[in-house]
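Structure at a glance
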Amino acid sequence: FHRGYYIRARAVDHCVQDFLHETQSHPRTQILSLGAGLDSLYFRLKDVGLLHHTVVYEVDFPNVACQKAALIKTTKELSAVVGDTGGEQSGVITFSGKDYKLLGVDLSELSQLESALEEAGLDSEIPTLFIAEVVLTYTENSRSDALIQWAAEHFSQACFLLYEQMHPEDPFGRVMQQHFSQLNTALCSLAQYPDCEAQQRRFLEKGWTECNIMDMNEFFTCCTPEEEQQRVQALEPFDEYEEWHLKCSHYFVLTASKGMEPSWTPLLPKMTVPPRVGCVRMAGSIPAAVCEGHSETPGLRRYGHRSVLIKPNVILTTGGFGEEDGRHCRMRHFHVLIKFAGYWKAGCVKNENPDTRWGERLYHTVSCLSNSLALVVGGRTSPSSEGLGMVWLKFPETSNASDPDDITVEVLSEQPAAEPAALRWRHSTTEVTFKGEKYLFLYGGRSAVEPVLGDWYFLHTQGLSCAMIPVEGPVPESRHSHSACGWKGGVIIAGGLGAAEQPLGSVFFLREFEHGFQWQPVETYPPLIPRYSHTAHVHGGKLLLVGGVWFHSSSVPGITVLDLMTGLCLDYAINVEHLEWPLMLHNHSSVLLPDEEELLLIGGGGNCFSFGTHLNQELVSLSLSDILTSH
């Protein structure tokens, strides 16, 4: 929430101050804020001395304008900034100062708005900045289009600043739309103007000669100074990267102008621009289906968890945040999925050793190291707390269970010697082989102290002590929320979030050689789209990347198939037409059933800014046979 509202205010302030700077040689300028509400923009600009020759006009519904006028009049600090109003106001002008005018009028009634502004003294011949900050989308398109066109036609030197939502049809966008519909404030512009390209065409077709637009991920990366980015990132404990980036990809800032010399271009990037992903070319689609016979199970509605195949047709899911015992919380119980007679059954499994708590955690890893033992590494409770270290989970060595109630899980309290290495989360653990012996390769992640880690450890699978094994080659950039899969005795690392909170598109193969291991970059063609918070599997020499979060695209990640021998990289969409709810593929888990060439998607989702929390409702199956044979 804090970052989401910060970036909105930052974008508006950036563009407004740029307008004032670029027009400072003019004897008079003006700002017209449409639907201003209780915005304090005028007072902030006045306080820092930026309104030497600028008059600010604000317009909103009469009741809102009257409320704001009363607030200003009864607050001595505010009324002192505005100065003497020259007596009581009447009509649509609810407050009038030397450089501040507050009007109560309905924006959708253009003729009334034009008359009120003329009465208040708005001058159509001087540089004018129009601000519409999440306003026009609430009015019918014909009326908002008319206002945009009127501003271009009636003002000789005009600039327009628009901040609104976009991408209504992807999973996050559907949750966003539903939220506003439930408030009876539907977002009218989204159907006709769903993305940056459509909004840009809108303004150019309505008489504006210059128009630039970017989503808020791009604005934060390219128009916010690096030191300011670092200041914001260090302000408070933060671990909601997916929610932050998804929110920013669903809002844009647009600037348009006409008659301005020189051209008004506040959105020209100040820093190097990462390559923008346009329309992703899909090689095909994969149908998603709710698993037959599997009824909705609240215990599987979670995110930040891990799922592992502990036996054929038996999946253990641990940790995460979700629904348990009728409330949202960090998950205390384990959950098991068992396939029996062609159907998946789900059930809750409690810790058989109540004296040993496993530390209800998120963003940990689980590695099945034998027929009866799985190792939990790392994870967190709060992002301001230290990581949670390691615990063993013990389950029956042999089982012909047909029901989840037949499965038991016991937490063992053994503290391995390598415990300090595990105080992290959003990392990976992968089984590798060196000189015939098995090790667990612990890589990357983050901690309460370090926002991103790039170190690694080799842990003996027997005893979990650290082994010193030489590693050569180009070291990958530090990262967390990446994927890691075992392949040919080594490990494939793909994607992740880097030090600057930017998704990474690099792929590395850590392979065994005579004296140790060697990092080897994997070239992909076309280049892999940077992403993080995905899951991954290797099958038949192909790396499958599942879901995740990426930037600057009109589509969401589906399945990417990377041929590890040739580097060929193909993207496939997930067809969700048979699902009755949005499928959010971040913070999820996935399990590959190689014999069936089937992928199970478990949980996923999270907080959707102020629009509510969405957790995937049911177990979803993807059949991979077509893409694995055709690739």
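Everything that follows concerns the structure shown earlier in this document.
Residues numbered from 1 in each chain as written. Predicted model: local features only at pLDDT ≥ 70, side-chain atom pairs only at ≥ 80, totals over all residues. Heavy atoms only, no water.

Some thoughts on the packing of aromatic side chains
What counts here: The aromatic pairing rule takes the rings of Phe, Tyr and Trp, using the six-membered ring of Trp, and pairs them if the centres are within 6.5 Å, calling planes under 30 degrees apart stacked, those over 60 edge-to-face and the rest tilted. Only DSSP runs of H or I with at least four residues qualify as helices, and only runs of E with at least two residues qualify as strands; both kinds are numbered from the N terminus onward. Two thresholds decide whether a charge sits over a ring: the Lys NZ or Arg CZ must be within 6 Å of the ring centre and within 35 degrees of the ring normal.
Considering all chains together, one arrives at 31 aromatic pairs under this definition. Judged by centre distance (5.8 Å) and plane angle (85°), the rings of Phe-1 and Phe-609 are edge-to-face. Here Phe-609 lies in the loop between strand S36 (605-607) and strand S37 (613-615) and Phe-1 lies in the segment before helix H1 (2-22), a separation of 608 residues in the sequence. For the pair Phe-441 and Trp-519, a centre-to-centre distance of 6.0 Å together with 65° between the ring planes defines the contact as edge-to-face. In this pair, Phe-441 is assigned in strand S22 (residues 437-443) and Trp-519 in strand S29 (residues 516-521), connecting sequence segments 78 residues apart. Arg-3 extends its terminal NZ or CZ atom over the ring of Trp-244, reaching a point 5.5 Å from the ring centre. Seen from the ring of Phe-609, Lys-247 lies directly overhead, with NZ or CZ sitting 5.0 Å from the centre.

Some remarks on the packing of helix H5 (residues 110-120) against helix H6 (residues 141-154)
To be explicit about the condition: Axis definition: a line fit to C-alpha positions, over the contact stretch in the case of helices; interaxial angles, taken between N-to-C directions, run 0 to 180 degrees. Roughly parallel means an angle under 35 degrees; roughly antiparallel, over 145; roughly perpendicular, 65 to 115; everything else is oblique. For any pair of crossing helices, the crossing counts as left-handed if the nearer helix is rotated counterclockwise from the farther one by less than a right angle, and right-handed if it is rotated clockwise. In this analysis, two residues are considered to be in contact whenever any of their non-hydrogen atoms come within 4.5 Å of each other.
One can describe the packing of H5 onto H6 by two numbers: an axis separation of 11 Å at closest approach and a directional angle of 40°. On the basis of the axis angle, H5 is oblique to H6. Judged by the twist between their axes, the crossing of H5 over H6 is right-handed. Across from Leu-110, Leu-113, Glu-114 and Leu-117 in H5, the residues of H6 making contact are Ala-146, Leu-147, Trp-150 and His-154.

Here we look at helix H11 (residues 241-249)
Going by this rule: Partly exposed residues are those whose accessible area sits between 20% and 50% of the maximum for their type, while under 20% is buried and over 50% is exposed, using a 1.4 Å probe and protein chains only.
Counting buried positions along H11 gives 9 out of 9 residues, so the element sits mostly inside the fold. Residues Tyr-241, Glu-242, Glu-243, Trp-244, His-245, Leu-246, Lys-247, Cys-248 and Ser-249 constitute the buried set of H11.

Re the pattern of salt bridges
Quick note on the threshold: Salt bridges are counted wherever a side-chain nitrogen of Lys or Arg sits within 4 Å of a carboxyl oxygen of Asp or Glu.
Taken as a whole and judged by the stated rule, the model has 22 salt bridges. With a shortest N-O distance of 3.9 Å, Glu-140 and Arg-143 are connected by a salt bridge. Residue Arg-143 is classed as partly exposed on the basis of its relative accessible area, which comes to 35%. One salt bridge connects Lys-438 with Glu-431, and the closest N-O pair in it is separated by 3.5 Å. When its relative accessible area of 48% is taken as the criterion, Lys-438 is described as partly exposed. A relative accessible area of 32% means that Glu-431 is categorised as partly exposed.

A few points about the pairing of strand S3 (residues 93-96)
Going by this rule: Strands pair, by our definition, only if DSSP identifies at least two bridges between them.
Here S3 runs beside strand S4 (residues 100-104); their pairing, made up of 3 bridges, is antiparallel. Each residue of the ladder has a partner; that of Ser-96, found in S4, is Lys-101. Between S3 and S4, which follow one another and run antiparallel, lie 3 residues.

So, the state of the cysteines
What counts here: The definition used for a disulfide is geometric: two cysteine sulfur atoms within 2.5 Å.
Counted under the stated rule, the structure contains 0 disulfides. Cys-159 forms no disulfide, and the closest cysteine sulfur to it belongs to Cys-15, at a distance of 10 Å. With a relative accessible area of 0%, Cys-159 lands in the buried category.

Re the sheet that holds strand S24 (residues 466-467)
Reading across from one edge, S21-S22-S23-S24 is the order of the 4 strands in this open sheet, with antiparallel pairing throughout. Since the sheet does not close on itself, it has two edges, and those belong to strand S21 (428-434) and S24, each with one partner. Of the strand pairs in this sheet, S21 and S22 are connected by 7 bridges, and their pairing is antiparallel. Bridge pairing in S22 links Thr-430 to Phe-441.

Notes on the pairing of strand S32 (residues 559-563)
Here S32 lies mainly inside the structure; 5 of its 5 residues are buried. Burial along S32 is two-sided: Ile-559, Val-561 and Asp-563 and Thr-560 and Leu-562, pointing in opposite directions, are all buried. Relative to S32, strand S31 (residues 542-546) runs antiparallel, the two sharing 5 bridges. Among the inter-strand pairings, Lys-542 is bridged to a residue of S32, identified as Asp-563. Relative to strand S33 (residues 569-575), S32 runs antiparallel, the two being bridged by 4 bridges. Bridge pairing links Thr-560 to Asp-571 in S33. Two successive antiparallel strands, S32 and S33, enclose a turn made up of 5 residues, where Gly-567 displays a positive phi of approximately 85°.

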